[in-house]
Amino acid sequence: MLTAYTDGAVLQDGAGWGVLMPGVPERHFAGMLDSRDTVIAELWAVKMAVQQAPRGSALTVYTDSQSLPTLFARHAQPGAQWPRRDLKDLTAKILARTERCGISFSCAWASRDEPGQRAAHQLAAVGRVRGVAATRWSAQLLGQQLELWHDTRRAKRGWVVRLDGSPEVDAALLATLDEMPSEPVPLAVTGASDALVEAIRCMASGRGRTLVI
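What counts as what
Residues numbered from 1 in each chain as written. Predicted model: local features only at pLDDT ≥ 70, side-chain atom pairs only at ≥ 80, totals over all residues. Heavy atoms only, no water. Helix = DSSP H or I, 4+ residues; strand = E, 2+ residues; numbered from the N terminus. Expected span 1.5 Å × (residues − 1). Buried < 20%, exposed > 50% of the residue type's maximum accessible area, 1.4 Å probe, protein only. Arc of directions from axis to C-beta. Contact = heavy atoms within 4.5 Å. Pairing = 2+ DSSP bridges. Phe/Tyr/Trp six-rings, centres within 6.5 Å; stacked < 30°, edge-to-face > 60°. Lys NZ or Arg CZ within 6 Å of the ring centre and 35° of its normal.

### Describing helix H5 (residues 167-178)
Here H5 contains twelve residues, and its C-alpha end-to-end distance of 17 Å stays within 8% of the 16 Å for a straight helix at 1.5 Å per residue. When H5 is considered as a whole, its buried residues turn out to be Val169, Ala172, Leu173, Thr176 and Leu177. Each buried residue of H5 lies within a common arc of 140° when the element is viewed along its axis, so the set occupies one face. Turned more than 90 degrees from where H5 packs its buried face, Pro167 and Glu168 sit exposed. In this fold, the buried residues of H5 make contact with strand S7 (145-151), strand S8 (155-162), helix H6 (194-206) and strand S10 (211-212).

Okay, structure coming up:
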């Protein structure tokens with residue numbers, strides 16, 4: 001069972017969407033949207049979460065919008081009235097993708113005070129101010145947590161691994177390092193031991209990747 005926390009945020013000049021997918025590694029997604037509509041931004045975050053789900057998986061998407069679960073439920077109600085055609089069309093496209101990919105999909109409400117929902121909101125806030133940064137890769141080692149980020153002009157995605165030495169986490173760390181490009185990636189270090197920094201850089205080197213401090 002996969003879980004995703006989603007959110008949308010709107011500024012005067014555009015909207016942003018954010019998705020947090022817990023797991024090992026934890027995955028983060030954020031981006032901008034040419035809209036000033038909060039509901040569209042919320043639905044776009046759900047759409048992006050569905051795009052990340054593997055074929056044949058089960059996915060529960062959480063949102064702090066009380067209207068979104070109701071919108072998806074309307075498709076199972078013959079003759080249901082829709083407040084807006086664009087909302088019907090977008091939810092239909094999301095459900096069509098889940099059917100094509102064999103994804104068991106559900107959308108549920110979650111309080112914005114939930115940690116996952118707060119993180120999704122922060123990602124949406126970051127996403128709505130995209131558009132100024134060049135494409136780049138970066139990594140951060142914050143104590144026992146490694147973060148890898150890929151920024152583009154309109155979106156960003158990240159992998160977060162909390163290093164506890166378990167076989168599952170070690171495998172996730174190697175998979176995360178494999179996501180890096182062959183070009184050197186800058187690594188910012190805060191509160192991590194020299195031994196841990198060197199170990200991670202050696203692991204990256206063993207995968208044909210380079211982390212530069």
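### Some details on the pairing of S8
Inspection of the sheet shows strand S3 (residues 26-33) paired to S8 by six bridges, in the antiparallel sense. From the neighbouring strand, alanine 30 faces S8, where its bridge partner is lysine 156. Bridging between S7 and S8 involves seven bridges; their strand directions are antiparallel. Each residue of the ladder has a partner; that of aspartate 151, found in S8, is lysine 156. Where S7 hands over to S8, the hairpin turn is made up of three residues, counted between the paired strands.

### Examining the environment of glutamine 140
Within the element layout of this structure, glutamine 140 appears in strand S6 (residues 136-142). Taking the C-alpha atoms as reference points, glutamine 140 and threonine 190, separated by 50 residues in sequence, lie 7.8 Å from one another. Residue contacts for glutamine 140: discarding those within four places in its chain leaves Gln145, Leu146, Glu147, Trp149, Leu187 and Ala188.

### Details of the packing of aromatic side chains
For the structure shown, the criterion picks out three aromatic pairs. When the centroid spacing of 5.2 Å and the interplanar angle of 65° are considered together, the rings of phenylalanine 72 and phenylalanine 105 count as edge-to-face. Of this pair, phenylalanine 72 sits in helix H2 (residues 67-74) while phenylalanine 105 is found in strand S5 (residues 104-109), placing the two residues 33 residues apart along the sequence. For the pair shown, phenylalanine 72 and phenylalanine 105 are each scored as buried. Aromatic side chains tryptophan 137 and tryptophan 159 sit 6.0 Å apart centroid to centroid with 10° between the ring planes, which places their arrangement in the stacked category. Of the two residues, tryptophan 137 sits in strand S6 while tryptophan 159 sits in strand S8, which places them 22 residues apart along the sequence. Neither tryptophan 137 nor tryptophan 159 differs from the other in exposure class; each is buried. A cation over a ring is seen here: lysine 47 above tryptophan 44, with NZ or CZ 4.4 Å from the ring centre. Over the aromatic face of tryptophan 149 sits the side chain of lysine 156, whose NZ or CZ is 4.5 Å from the ring centroid.

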